[in-house]
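Fold and geometry: a report
Chain residues, written in single-letter form:
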Amino acid sequence: DVEAFHNTLASCPEGNHQCYVPLLPATLLRVPREQLLQQLPEGMKPDRVMIRIDEQFLCGDPSALLAPLVSLGQMGVQSVIEVSDFGKTCLESVVLLGPSQVRIASERVRGVSKHAGARTTLARFVRVCTSLGVQVVAAGLDSHADVDLVRRMGVTFGNGHAIGLL
């Protein structure tokens, strides 16, 4: 995982753009923060790094990741939780870990404008994130209707075939 972390960082374009780097929770717990930051290419500032944690890999109590994420955050590194479910682990992770961003997986966004139940659930989750000051990114924006809907919910960032519309 550390080698993949290094390779992803090395492939990030120069400039001021954020670099999203996946990292397993076990790596965050096992590898010293200083060792992770040593993987940054020369000249890259830590505030460009967004550590991506997939909530599917969170097992047990997500608060175990709080200390490493706070430590990295003090060095400028931000965190993103990738959400594919709106269950207990997801909500605990967002509330306890306070990520900079939550990225909602495409299967929770795509076609949401056509399904009232999914629309209600998504709107509630977006409100929770917004109330916590967490930026929401919606993936799978493949239709004008979905883009319009998530925009009305307050989502200002996303990706998908219709991304130019957000």
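Refer to the structure printed above.
In short, a report on the structure. (Residues numbered from 1 in each chain as written. Predicted model: local features only at pLDDT ≥ 70, side-chain atom pairs only at ≥ 80, totals over all residues. Heavy atoms only, no water.)

Examining the overall build of the chain
Helix and strand content of the chain: eight helices and six strands. Taking 2.2 N^0.38 as the reference for a compact globule, 166 residues should give roughly 15 Å; the C-alpha atoms of the chain span a radius of gyration of 16 Å, in line with that estimate. Split into buried and exposed, the 166 residues of the chain put 41% on the buried side. Once local pairs closer than 6 in sequence are excluded, the contacts in the chain between residues at least 24 apart make up 63%. Of the roughly 8,600 Å² of accessible surface on the chain, 52% is carried by carbon and sulfur atoms. Averaged over its 15 positive side-chain charges, the chain has a centre that lies 9 Å from the centre of its 16 negative ones. (Helix = DSSP H or I, 4+ residues; strand = E, 2+ residues; numbered from the N terminus. Rg over C-alpha atoms; globule rule 2.2 N^0.38 Å. Buried < 20%, exposed > 50% of the residue type's maximum accessible area, 1.4 Å probe, protein only. Contact = heavy atoms within 4.5 Å. Areas by Shrake-Rupley, 256 points an atom, 1.4 Å probe, with all protein chains shown as cover. Lys, Arg positive; Asp, Glu negative; His and termini not counted. Charge placed at Lys NZ, Arg CZ, Asp CG, Glu CD.)

Description of the nonpolar core
The biggest cluster of nonpolar side chains holds 44 residues, and the ones touching the most others in it are Leu28, Ile51, Ile104 and Phe125. Among the elements that make up this core, the one with the highest residue count is helix α7 (residues 116–131) (five residues). In contact with Leu28, not counting residues within four places along its chain, are Leu23, Arg33, Leu36, Ile51, Ile53, Leu65, Pro68, Leu69 and Leu72. (Core = buried A, V, L, I, M, F, W, Y, C linked by side-chain atoms within 4.5 Å.)

What to know about the state of the cysteines
According to the stated counting rule, one finds one disulfide in the structure shown. Between the sulfur atoms of Cys12 and its disulfide mate Cys19 the distance is 1.5 Å. A relative accessible area of 16% places Cys12 in the buried class. Overall, Cys19 belongs to the buried group, its relative accessible area being 3%. Free cysteine: Cys90, not disulfide-bonded; nearest cysteine sulfur from Cys129 at 7.0 Å. Its relative accessible area of 1% is what places Cys90 among the buried residues. The class of Cys129 is buried, set by a relative accessible area of 0%. (Disulfide = S-S within 2.5 Å.)

Focus: the sheet that holds strand β5 (residues 135–138)
The strand order β1-β2-β3-β4-β5-β6 describes an open sheet built from six strands, whose pairing is parallel. The open sheet is flanked by β1 (19–22) and β6 (157–158), the only strands paired with a single partner. Taken together, the four bridges between strand β4 (residues 101–104) and β5 define a ladder with parallel strand orientation. By the bridge assignment, Gln101 is partnered in β5 with Gln135. Its contacts with the sheet place helix α1 (residues 2–10) against β1 and β2 (49–54), and it is angled at close to 165 degrees to β1. Its contacts with the sheet put α7 on β3 (78–83), β4 and β5, and the angle it makes with β4 is roughly 170 degrees. (Pairing = 2+ DSSP bridges. Axes fitted to C-alpha atoms, helices over the stretch in contact; angles between N-to-C directions.)

A short note on the environment of Ser11
For Ser11, the position within the fold is in the loop between α1 and β1. Once the C-alpha coordinates of Ser11 and Pro41 are considered, the two residues, 30 residues apart in sequence, prove to be 9.3 Å apart. Here the side chain of Ser11 touches Thr8 through a polar contact of 2.8 Å, landing on its backbone oxygen. (Polar contact = N/O pair within 3.5 Å; in protein donor to acceptor, adjacent residues only side chain to side chain.)

With respect to the pairing of β3
In terms of burial, β3 is a largely internal element, five of the six residues being buried. Pairing between β2 and β3: five bridges, direction parallel. Of the residues in β3, the one forming a bridge with Met50 is Gln78. In this view, the connection linking β2 to its parallel neighbour β3 by way of helix α4 (residues 66–74) has right-handed handedness. One crossover worth recording links β3 to the parallel β4 by way of helix α5 (residues 88–97), and it is right-handed. (Right-handed = clockwise from strand over helix to strand, strands pointing away.)

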